[in-house]
Each structure stands twice: as C-alpha cells, then as structure tokens.
Amino acid sequence: MNDATTHMTPTPAPQGTGADVHVPAAPSDAGADSDYLAAVISHIRVQMLAGAVSIDSTAKAMGTSVRTLQRVLRRDGGVSFRELSSAARLRLAEDLLRDSSASITQIAMDFGYSTPANFSRAFRKMHGVAPLQYRQDALTARVSP
C-alpha cells in the first residue's frame, strides 16, 4: 500500500464520520494545528467510506500542495499521511468490531488489508490485543453492569 491511493470496499459507515466537516485552509496557531489535523483525519475517513484514500485528494481539500500537507503533518502532528490513514482505518475497523457482526476477515478486506493476518498484526500493534479479543472485550463490557 502506498501514500498515493488505497482502494477499499467499505462496510456500512459508522455514525459520526465527519462527512460535513468544514476544512480550514491552514493552521495559524496552536488550536488551529489540532483543528487542521482533525480536518485531515476527517477527510481521510470520508475518502475511506467512498472507497479510496489519496494524499492528492486530501491536499486539494485542504487547499495546499501534497508536499506542504506532508510538512504540516510531520511538523504539527509528528506523523506521515500513511500513518494517519492507517490509524483512521484501524479506528473505523474498531467501530465495526465493536458494533457489527461482520467477520474479521471481511473487515480486513473492506479496509484494504491483503490478508486477515496483516490486519490482525496492525490492529494488535495499535491496541495491544488481537481483533477477536477486542471484539470479545467490547461485548463483555456491553453486557456487564
């Protein structure tokens, strides 16, 4: 997978994906830095739900060049576009694991992972537990008083 474009066939979207977020042109102070980062993440989520994530599309939506977007993300968030899009994918997958009965294999494929094992590895790295354990923990938490 590369920074340019990632193709996916997403499962139905969880609520609150930020599709109607106003995207600021550029950060100007500390509060705007986090707003800018949040806007980039929201745009990535919207792209994921549409089926493809592109740094070119995100830069255009942010009113900047790809290189400037990369620089701002590194400077203000300490992350690359790839890291952000990967984290956003895992957050959406987290929602599906918690709130749907979709199989882990289906979730992995929907979010562009070539194998369920690759998805499990990335998920475990981010959350410290395997996707199945995360789902079981979420179900237990929902049932517990």
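Just so we're clear, the structure is a prediction, and the values are computed from it rather than from any experiment. (Residues numbered from 1 in each chain as written. Predicted model: local features only at pLDDT ≥ 70, side-chain atom pairs only at ≥ 80, totals over all residues. Heavy atoms only, no water.)

For the protein, per-residue confidence averages 79 on the pLDDT scale, and residues scoring 70 or more make up 77% of the total. This stretch, residues 1-30, has a pLDDT under 50; its non-local contacts, to residues over four places away or in other chains, come to 64 contacts. (pLDDT = per-residue confidence, 0-100. Contact = heavy atoms within 4.5 Å.)

This brings us to helix α3 (residues 66-77). Side chains three or four residues apart in an α-helix point the same way, a direct result of the helix having 3.6 residues per turn. For α3, built from 12 residues, the straight-helix expectation of 16 Å at 1.5 Å per residue is met to within 8% by its first-to-last C-alpha distance of 16 Å. Turning to α3, its buried residues are L69, V72 and L73. One side of α3 holds all its buried residues, which, seen down the axis, span an arc of 100°. Where α3 ends, the next residue or the one after it, G78, has phi of about 70°, a positive value. (Helix = DSSP H or I, 4+ residues; strand = E, 2+ residues; numbered from the N terminus. Expected span 1.5 Å × (residues − 1). Buried < 20%, exposed > 50% of the residue type's maximum accessible area, 1.4 Å probe, protein only. Arc of directions from axis to C-beta.)

It is worth spelling out the pattern of salt bridges at this point. Under the criterion given, the structure shown has eight salt bridges. Here D99 makes a salt bridge to R98, at a shortest N to O gap of 3.9 Å. Classification of D99 by relative accessible area gives exposed; the value is 54%. Through salt bridges that share partners, R45, R91, E94, D95, R98, D99 and R142 make up one connected network. (Salt bridge = Lys/Arg side-chain N within 4 Å of Asp/Glu carboxyl O.)

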